[in-house]
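Working through the structure, step by step
Residues per chain are reported as follows:
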Amino acid sequence: MTDVMDRAELEKPAKERGPLIYRQAVLTRVTHWVWAIAMFFLLLSGLQIWNGHPALYIGQESGFEYDNAVLRIGAENTPDGARGFTTVLGQKFDTTGVLGMSDLRGNANFVGFPGWATIPSFRDLATGRVVHFFFAWTLVGALAIWVISSLFNGHLWRDVILKPRDLRELPKDIWDHVRLKFHHGRTYTPLQKLAYFGVFFVLLPLIILTGLAMSPTMNAGWPWLVEVFGGRQTARTIHFIVMLLLVLFFVVHIVMVVLAGPINELRSMITGYYRTSPGTTPDARKGEKQE
């Protein structure tokens with residue numbers, strides 16, 4: 001009986017694989033990597049700029065003589081020596097070693113964010129601004145190219161725009177993700193569509209517009225833009241919060257790529273080809289194949 005069971009086990013077919021489909025167009029892949037590079041330099045150069053005055057306010061007014069910050073990072077003298085602190089909505093936290101006061105080659109460095117988190121790693125606001133503006137316009141250009149190409153190749157309608165069916169299936173898809181049950185299909189899942197829609201049509205436009213609202217040149221040309229956000233300081237605060245949300249999205253995105261199968265996901269964004277779940281019908285017109 002045991003020999004029969006062993007033979008039956010050996011004769012089982014190998015795990016079924018779905019077809020390899022062409023999922024990501026060339027411009028979708030190119031802009032994806034351009035965004036990844038641009039966002040990296042924008043984050044680190046943005047923290048360099050923010051270190052020039054590490055505090056956030058609401059409204060029009062700010063300054064070292066004001067005490068109306070919703071977030072402040074700094075350092076202070078205490079009986080135990082200098083300590084770094086972060087104050088959020090009036091609640092102060094000791095963040096010595098990370099925020100407010102960090103180590104720089106064995107010496108105390110009194111800056112908001114430490115040198116390893118900024119470009120350049122030392123205080124240089126001018127260089128930080130040059131890097132930030134260069135990659136900001138790179139991001140805007142890549143976004144414009146992506147929108148135009150996605151309109152023509154159907155990627156925007158197929159994979160980003162939420163439809164009534166997606167909203168109905170969203171609770172189930174969220175539950176599937178919680179249980180780490182991933183479906184690899186031709187199009188994105190409802191939860192993926194919701195996430196990408198939020199990034200492309202809420203977060204990225206917000207961070208671009210708030211960045212423009214902080215520009216003196218744009219203030220002169222489009223004074224209404226500052227008013228839309230309730231003042232330059234409010235725009236700066238929104239800009240910072242959106243940055244944190246984009247960082248959170250990036251972290252979750254990387255975790256999901258690892259959990260869903262990094263080789264398959266990376267292949268999709270490098271070659272365009274994506275291994276789908278068993279049962280997906282290949283499209284011979286696009287050179288897709290069942291293996």
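Scroll up for the structure.
Residues numbered from 1 in each chain as written. Predicted model: local features only at pLDDT ≥ 70, side-chain atom pairs only at ≥ 80, totals over all residues. Heavy atoms only, no water.

Of the regular secondary structure elements, the chain holds ten helices and eight strands. The buried share of the chain, taken over its 291 residues, is 39%. In the chain, once contacts between residues fewer than 6 apart in sequence are set aside, the share between residues at least 24 apart is 62%. Total accessible area computed for the chain in this model is approximately 17400 Å², and 68% of it derives from carbon and sulfur atoms. (Helix = DSSP H or I, 4+ residues; strand = E, 2+ residues; numbered from the N terminus. Buried < 20%, exposed > 50% of the residue type's maximum accessible area, 1.4 Å probe, protein only. Contact = heavy atoms within 4.5 Å. Areas by Shrake-Rupley, 256 points an atom, 1.4 Å probe, with all protein chains shown as cover.)

As a further point, take the pairing of strand S3 (residues 71-78). Pairing geometry for strand S2 (residues 55-56) and S3, over two bridges, is antiparallel. Bridging across to S3, Leu56 finds its partner in Leu71. Here S3 runs beside strand S4 (residues 81-88); their pairing, made up of eight bridges, is antiparallel. Note on S4: the bridge partner recorded for Ile73 is Thr86. Taking the residues between adjacent antiparallel strands as the criterion, S3 and S4 are bridged by two residues. (Pairing = 2+ DSSP bridges.)

According to the stated counting rule, one finds seven salt bridges in the structure shown. The shortest N-O distance in the salt bridge between Lys193 and Asp166 comes to 3.2 Å. Placement of Lys193 in helix H6 (residues 190-213) and of Asp166 in helix H5 (residues 164-178) is noted, with a sequence separation of 27 residues between them. Take Lys193: its relative accessible area is 4%, and that puts it in the buried class. Residue Asp166 is classed as buried on the basis of its relative accessible area of 7%. Of the charged contacts, one joins Asp176 and Arg179 as a salt bridge, the two residues approaching to 2.6 Å between their closest N and O atoms. Its relative accessible area of 38% is what places Arg179 among the partly exposed residues. Residues participating in the shared-partner salt-bridge network are Lys172, Asp176 and Arg179. (Salt bridge = Lys/Arg side-chain N within 4 Å of Asp/Glu carboxyl O.)

Turning to the sheet that holds S2, a few remarks are in order. Read across the sheet, four strands follow the order S2-S3-S4-S5 without closing on themselves; strand pairing throughout is antiparallel. Across the chains shown, the open sheet's two edge strands, defined by having one partner strand only, are S2 and strand S5 (91-94). When S4 meets S5, the two strands line up antiparallel, connected through four bridges. Residue Val88 lies in a different strand from S5, and its bridge partner there is Gln91.

This next bit is on the nonpolar core. If you look at the biggest cluster of nonpolar residues, it comprises 33 residues, and the most contacted ones within it are Phe200 and Leu204. If you list the elements that add at least two residues to this core, you get helix H2 (26-50), S3, helix H3 (125-153), helix H4 (155-160), H6 and helix H9 (232-260). In this structure, Phe200 is in contact with Trp35, Leu143, Trp146, Val160 and Pro205, ignoring residues within four places of it in sequence. Counting six residues, the second largest nonpolar core, distinct from the first, contains Leu212, Met218, Phe229 and Ala235. (Core = buried A, V, L, I, M, F, W, Y, C linked by side-chain atoms within 4.5 Å.)

A separate point is the side chain of Thr87. By the element assignment, Thr87 lies in strand S4. By relative accessible area, which is 17% here, Thr87 ends up buried. Ignoring any residue separated from it by four or fewer positions in sequence, one finds Thr87 in contact with Val70, Leu71, Arg72 and Lys92.

The next subject is unusual backbone geometry. Residues Ile119 and Pro120 are joined by a peptide bond in cis, for which omega reads -10°. Looking at where Pro120 falls in the secondary structure, it is placed in the loop between strand S7 (107-109) and H3. Phi at Leu89 is positive, roughly 50°, even though this residue is not glycine. Tracing the backbone shows Leu89 in the loop between S4 and S5. A relative accessible area of 65% places Leu89 in the exposed class. At Leu180, a residue that is not glycine, the phi angle is positive and equals roughly 60°. Assignment of secondary structure puts Leu180 in the loop between H5 and H6.

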